[in-house]
Amino acid sequence: MKLIDASKRYYKGNTHAHTTRSDGTQSPESVMRMFKDADYDFLVLSDHWTPGPTQDFEGMLVLTGAEYDFNYPKQVLHIVGVFPDEAAAQGFHHRMDYPEVIGRINAQGGAAILCHPAWSLNTPEMIKSVQGVCAAEVYNSFSGAPWNAPRADSSAVLDLVATAGCCIPQVAADDCHFYTGEQRMSYIMLQADELTSGDVIAALKRGSFYASQGPRFIEAELTGRELIVRTSPVNRCTFISNLVWVAGRCRMGEGMVENVYQLQPGETFIRCEIEDAQGRRAWLSPVRL
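In this text the structure is predicted, and so the values were computed from the model without any measurement. The numbers attached to residues start from 1 for each chain and follow its sequence in the written order. Given that this is a predicted model, residues contribute local features only at a pLDDT of at least 70 and side-chain atom pairs are listed and counted only at 80 or more, while totals for whole chains, interfaces and linings are drawn from all residues. The side-chain numbers reported here are obtained from all heavy atoms of the structure, hydrogens and water having been left aside.

Here we come to helix α1 (residues 28-37). Buried within α1 we find Pro28, Val31, Met32, Met34 and Phe35. All buried residues of α1 lie within an arc of 165° about the axis, which places them on one face of the element. A contact between two residues is defined here by any heavy atoms of the two lying within 4.5 Å. Under the scheme used here, helices are H or I runs from DSSP no shorter than 4 residues and strands are E runs no shorter than 2 residues, and both carry numbers assigned from the N terminus. Buried-residue contacts for α1 involve β2 (11-17), β3 (42-45), β4 (55-57) and β5 (60-71). A 1.4 Å probe rolled over the protein chains alone gives each residue an accessible area, and that area as a share of the maximum for its type sets the label: buried under 20%, exposed over 50%, partly exposed in between. To be clear, the arc concerns the directions from the helix axis to the C-beta atoms.

Next up, the structure:
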């Protein structure tokens with residue numbers, strides 16, 4: 001089974017960014033300009049409870065999005081909705097709880113993403129109970145230092161969720177607010193048929209993407225006995241599963257471009273993380289075995 005198909009085109013995108021429409025410091029026009037200048041193909045402006053228009057910005061697709069936040073005694077829950085257009089994002093209000101919000105996002109033809117579960121202090125039980133999301137943020141740039149406590153990386157809690165039988169596709173996003181270095185750091189590479197809101201949402205919902213800060217997954221194939229990954233040159237390639245210990249699961253070396261992992265008895269899921277010489281990472285979503 002091909003997890004990454006080298007023959008298909010990729011689009012680079014950020015699914016989580018804020019502007020002066022809510023609590024961001026930069027105007028929508030300024031944010032669109034900085035991502036366009038960095039050769040992004042698409043951008044989701046996801047202000048809190050405040051959707052903006054879907055538009056073409058000099059060839060970069062800007063999708064309607066909004067972030068919905070819910071507070072509980074020991075944790076919070078944030079959901080980004082990505083919509084086919086601004087009309088589909090209407091009708092949400094603060095009296096709604098998260099199941100109703102997620103249900104409406106999907107009913108309106110959108111995609112729902114669970115935001116920064118580590119920053120939110122989400123427990124595995126809470127994450128498993130959140131039905132209807134197509135992805136979760138494995139890395140959220142703004143959730144780390146110097147902007148926040150160092151909880152940008154949610155891979156550990158998502159591994160617990162996968163170990164419990166719930167493998168959620170993983171995105172990386174900036175969650176830009178201050179634009180003091182957190183922007184244009186973490187993104188997804190998405191394989192869509194065309195660069196349209198409908199095709200991007202469809203690709204999100206079928207998991208046709210990987211998360212990255214720079215390294216590239218060129219091809220990934222899962223056979224009955226092994227996971228084969230081909231990448232841009234990396235210095236670390238780690239294969240992660242529900243097993244606590246597997247000898248040789250972490251490969252270190254300069255400029256590696258291919259690694260093969262032999263699946264182990266008792267493994268119920270597998271995922272892969274790579275890191276380049278600059279310390280930038282990329283994440284292949286967990287797959288149930």
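Right, picking up where we left off after that structure.
Before going further, it helps to spend a moment on the environment of Arg184. Turning to its location among the elements, Arg184 is positioned in the loop between β9 (170-173) and β10 (187-190). In this structure Arg184 comes out as partly exposed when scored by relative accessible area, which is 39%. It is 18 Å that separates the C-alpha atoms of Arg184 and Pro150, two residues lying 34 residues apart in sequence. Polar contacts, as counted here, are pairs of nitrogen or oxygen atoms within 3.5 Å of one another; within protein the pair requires one atom able to donate a hydrogen and one able to accept it, and residues that are adjacent in sequence qualify only if both atoms are side-chain atoms. A distance of 2.8 Å separates a polar side-chain atom of Arg184 from the backbone oxygen of Met34.

This part covers the nonpolar core. We call a set of buried Ala, Val, Leu, Ile, Met, Phe, Trp, Tyr and Cys residues a nonpolar core when their side-chain atoms join them within 4.5 Å. In this structure, Phe35, Leu43, Met60, Phe217, Val229, Phe239 and Cys272 are the most contacted members of the largest nonpolar core, which totals 36 residues. In this structure, Phe217 is in contact with Ile4, Tyr10, Tyr210, Val229, Arg230, Thr231, Cys272, Ile274, Ala282, Trp283 and Leu284, ignoring residues within four places of it in sequence. With 32 residues, the next largest nonpolar core counts Phe92, Leu114, Val130 and Leu158 among its residues.

Let's shift gears to the pattern of salt bridges. If the charged atoms of two oppositely charged side chains come close together, the side chains can form a pair. Any Lys or Arg side-chain nitrogen located within 4 Å of an Asp or Glu carboxyl oxygen qualifies as a salt bridge. If you walk through the whole model with that rule in mind, you get 13 salt bridges. Here Arg271 and Glu273 are joined by a salt bridge, their closest N and O atoms 3.8 Å apart. Among the residues examined, Arg271 registers a relative accessible area of 3% and is labelled buried. The salt bridge involving Arg280 is made with Asp276; its shortest N-O contact spans 2.8 Å.

What follows covers the side chain of Ser197. Note that Ser197 resides in helix α5 (residues 197-206). The exposure class of Ser197 is buried, given its relative accessible area of 14%. Among all residues touching Ser197, those that are not within four sequence positions of it are Thr54, Leu61, Leu63, Phe83 and Pro84.

Now for the pairing of strand β12 (residues 217-222). Pairing geometry for strand β1 (residues 2-4) and β12, over 2 bridges, is antiparallel. For Ile4, the partnering residue across the bridge sits in β12 and is Ala220. Here, a strand pair is defined by DSSP locating no fewer than two bridges between the strands. Of the pairings in the sheet, the one linking β12 to strand β13 (residues 226-241) comprises 5 bridges and is antiparallel in character. Across the sheet, Glu219 pairs through a bridge with Arg230, a residue of β13. Linking two consecutive strands that pair antiparallel, namely β12 and β13, is a turn of 3 residues.

Here we take up the packing of aromatic side chains. In this analysis, rings of Phe, Tyr and Trp, with Trp reduced to its six-membered ring, are considered paired at centre separations within 6.5 Å, and the interplanar angle assigns stacked below 30 degrees, edge-to-face beyond 60, and tilted for intermediate values. Evaluated as defined, the whole model comprises 13 aromatic pairs. Both rings, one in Trp49 and one in Phe70, keep their centres 6.0 Å apart while their planes meet at 70°; by these two values the pair is edge-to-face. Placement of the pair is Trp49 in the loop between β3 and β4 and Phe70 in strand β5, with a sequence separation of 21 residues. The burial state of Trp49 is the same as that of Phe70; both residues are buried. Judged by centre distance (4.9 Å) and plane angle (25°), the rings of Tyr68 and Phe92 are stacked. One end of the pair, Tyr68, is in strand β5; the other, Phe92, is in the loop between β6 (76-83) and α2 (98-107), and 24 residues separate them in sequence. Members of the aromatic cluster, connected to one another through ring pairs, are Trp49, Tyr68, Phe70, Phe83, Phe92 and Tyr98.

Moving on to the layout of surface pockets. A cavity here means a set of points on a 1 Å grid, drawn over the protein atoms and nothing else, where a 1.4 Å probe fits but cannot get out; a pocket is an open set with protein on both sides within 12 Å along at least five of seven lines, and a residue lines either one if it has an atom within 4 Å of a point. Grid points are joined across faces, edges and corners, and a volume is the space filled by probe spheres set on the points. Empty space within the largest pocket amounts to approximately 440 Å³. Considering the residues around the largest pocket, the lining is formed by 20 residues, among which Leu3, Arg206, Gly207, Ser208 and Phe209 are closest to the centre. When residues in the lining of the largest pocket are grouped by element, the largest group, 4 residues, is from strand β16 (residues 281-288). Nonpolar residues are Ala, Val, Leu, Ile, Met, Phe, Trp, Tyr, Cys and Pro. Charged residues are Asp, Glu, Lys and Arg, and all others, Gly as well, are polar. Its residues placed into classes, the lining of the largest pocket shows 10 nonpolar, 4 polar and 6 charged.

Turning to the environment of Ala247, a few remarks are in order. Residue placement: Ala247 occurs in the loop between β13 and β14 (250-262). Looking at Ala247, the relative accessible area reads 59%, which means it is exposed. As for Ala247 and Thr196, which are separated by 51 residues in sequence, their C-alpha atoms are 44 Å apart.

Any functional reading would require information beyond the geometric quantities listed.
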